[in-house]
Amino acid sequence: MNEIPHGTVQEQTFYEQVGGEETFRRLVHRFYEGVAQDPLLRPMYPEEDLGPAEERLALFLMQYWGGPRTYSENRGHPRLRMRHAPFAVDRAAHDAWLTHMRAAVDDLGLTEEQDRTLWTYLTYAAASMVNRAG
Ligand code: HEM
């Protein structure tokens, strides 16, 4: 909570609480270092250069947690399930995605509560992205 004049209080966004853009950029950068080495996930990414995918995920997460709305300004409504439809997100891809994300979250050094908040979201979101049996 931030004290602001006239005795009112303003809730800090989760984005601000965890350190803003720098934190989300670190998270996603670390995540894509894992993806780059992953024999299942790496071939799923259509572009040779993972940089643009890294940028999209960072901007999406920043926006989701209350940061700038740059993702939607560039990409429109997220519609993430639809955007993932061309990719075979099965159980194995889901597990690999979460493994790299877990390592990346661990490196952030968040408080236990912040960690739980972020991780709960990521696990639910990953489960909702599964679009193939197996
Ligand atoms: C469950 C396993 C998942 C797999 C295998 C996966 C894979 C992919 C792939 C291959 C792309 C295309 C790369 C690109 O060109 O951007 C992509 C895009 C994206 N993914 Fe995932 N993804 C997964 C889960 C998630 C989750 C849980 C989120 C959000 C929390 C997410 C957010 C995004 C975003 C924001 C994009 C870019 C969308 C756009 O603007 O085009 N993904 N993902």
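Because the structure is a prediction, the values reported are computed rather than measured.

About the criteria used
Counting restarts for each chain: residues are numbered from 1 in the order of the written sequence. Local features in a predicted model are, by the rule used here, given only for residues with pLDDT of at least 70; side-chain atom pairs are given and counted only at 80 or more, and totals for whole chains, interfaces and linings are based on all residues. Heavy atoms throughout the structure, all of them, feed into the side-chain values; hydrogens and water do not. Neighbouring residues are identified by heavy atoms, a residue being near a molecule or strand if any of them is within 4 Å of it. Here a polar contact means two N or O atoms within 3.5 Å. Within protein one must be a hydrogen donor candidate and the other an acceptor candidate, and residues neighboring in sequence count only if both atoms are side-chain atoms. As a working rule, the residues Ala, Val, Leu, Ile, Met, Phe, Trp, Tyr, Cys and Pro are called nonpolar, Asp, Glu, Lys and Arg charged, and the rest polar, with Gly in that last group. Here, a salt bridge means any Lys or Arg side-chain nitrogen found within 4 Å of an Asp or Glu carboxyl oxygen. Counting from the N terminus, the helices are the DSSP runs of H or I reaching at least four residues and the strands are the DSSP runs of E reaching at least two.

## Describing the site of the ligand
Inspection of the region around the ligand gives 21 residues, with Arg56, Tyr71, Arg75, His84 and Trp97 positioned closest. Taking Tyr71, its side chain carries an N or O atom lying 2.5 Å from an oxygen atom of the ligand. A distance of 2.8 Å separates a nitrogen atom of the ligand from a polar atom in the side chain of His84. A breakdown of the residues in the shell around the ligand according to their chemical character gives 16 nonpolar, 2 polar and 3 charged.

## Details of the pattern of salt bridges
Using the criterion set out here, one finds 7 salt bridges in the structure. Here Arg26 and Glu22 are joined by a salt bridge, their closest N and O atoms 3.4 Å apart. Placement of the pair is Arg26 and Glu22 together in helix 2 (residues 20–36), with a separation of 4 residues, close to one helical turn. It is possible to trace a salt-bridge network through shared partners that takes in Glu21, Arg25 and Glu55.

These figures capture arrangement, not role.
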